[in-house]
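Structural overview
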Amino acid sequence: MELDLCFGDGSAIWLAEVRDRTDRPAASDIEILHRKAALIRRTLDLPDGETWFVSFSGFGREARQRAEALGILVSGKTDVEAIGASTGIRRR
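Per chain, residue numbering runs from 1 following the sequence as it is written. Where local features are concerned, this predicted model is filtered to residues with pLDDT of at least 70; where side-chain atom pairs are given and counted, the filter is 80 or more; whole-chain, interface and lining totals use all residues. For side-chain calculations, the full set of non-hydrogen atoms in the structure is used, while hydrogens and water are omitted.

Some thoughts on the nonpolar core
We define a nonpolar core as any set of buried Ala, Val, Leu, Ile, Met, Phe, Trp, Tyr and Cys residues linked to one another through side-chain atoms lying within 4.5 Å. Throughout, exposure labels follow a simple rule: accessible area from a 1.4 Å probe, protein chains only, divided by the maximum for the residue type, with under 20% read as buried, over 50% as exposed, and the rest as partly exposed. Residues L3, I13, L15, I30, L33, A37, I40, F53, F59, A63, A67 and I72 constitute the largest nonpolar core, which totals 12 residues. Secondary structure elements follow DSSP: runs of H or I no shorter than four residues count as helices, runs of E no shorter than two count as strands, and numbering proceeds from the N terminus. Counting only elements with at least two residues in this core, the list comes to β2 (13-19), α1 (27-44) and α2 (61-70). When residues of this core are assigned to their parent elements, the largest contribution, four residues, is made by α1. Leave out the neighbours within four places in its chain, and I13 touches C6, F7, G8, R41, L46, P47, D48, G49 and E50. Here, residues are in contact when the closest pair of their heavy atoms is within 4.5 Å.

Written out as structure tokens, the structure is:
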């Protein structure tokens, strides 16, 4: 089991999944991320923090609704480009 990002300051740890595919994540993909993040936090004894799903192809309505219900942050390509512009980090 893996997630793509783990970062934080020790008091709060963010876990994230990044998808660079043409298909949009489904609500079931949001559920899987939610379960993976919970298991990783328990197994590694990580503190609470945000769970974030980044998809370069965006999210459909059902996936966004499920993410909101589970408290998972979602970002699409436009969000990633804005983060890159403000931090100077470029995607390879």
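Here we look at the side chain of S75
Along the polypeptide, S75 turns up in strand β4 (residues 72-75). Overall, the relative accessible area of 8% leaves S75 in the buried class. Among the polar contacts made by the side chain of S75, one reaches the side chain of W52 at a distance of 2.8 Å. Apart from the residues lying within four places of it in its own chain, the contact partners of S75 are W52, F53, V54, S55 and F59. Each polar contact in these results corresponds to two N or O atoms within 3.5 Å; when the atoms are within protein, one needs to be able to donate a hydrogen and the other to accept it, and residues that are neighboring in sequence are counted only if both atoms are side-chain atoms.

Considering the packing of aromatic side chains
Aromatic pairs are defined between Phe, Tyr and Trp rings, using the six-membered ring for Trp, whenever the two ring centres lie within 6.5 Å; interplanar angles under 30 degrees are classed as stacked, those over 60 as edge-to-face, and all others as tilted. Taken as a whole and assessed by the stated rule, the structure comprises four aromatic pairs. Seen from their ring centres, W14 and W52 are 5.9 Å apart, and the 85° between their planes marks the pair as edge-to-face. Linking W14 in strand β2 with W52 in strand β3 (residues 51-55), this pair joins segments that are 38 residues apart in sequence.

Here we look at the side chain of R41
For R41, the position within the fold is in helix α1. For the purpose of counting charges, residues Lys and Arg are taken to be positive, whereas Asp and Glu are taken to be negative. His and the chain ends are not included. A side-chain nitrogen of Lys or Arg and a carboxyl oxygen of Asp or Glu constitute a salt bridge if their distance falls within 4 Å. Comment: no salt bridge for buried R41; closest opposite-charge side chain is D48, at 5.3 Å. Excluding its chain neighbours within four sequence positions, the residues that come into contact with R41 are I13, W14, L15, L46, P47, D48, G49, E50 and T51.

With respect to the sheet that holds β2
Strands qualify as paired when DSSP identifies two bridges or more between them. Taken together, four strands build an open sheet; the order of strands is β1-β2-β3-β4 and the sheet is mixed. If you trace the sheet from one side to the other, it starts and ends with β1 (5-8) and β4, each paired once. Across the sheet, the mean angle separating the axes of adjacent strands is 25° when strand polarity is ignored. Alignment of β1 against β2, held across four bridges, turns out to be antiparallel. Only the contacting stretch of a helix is used when fitting its axis, a line to C-alpha atoms as for every element, and angles between N-to-C directions run 0 to 180 degrees.

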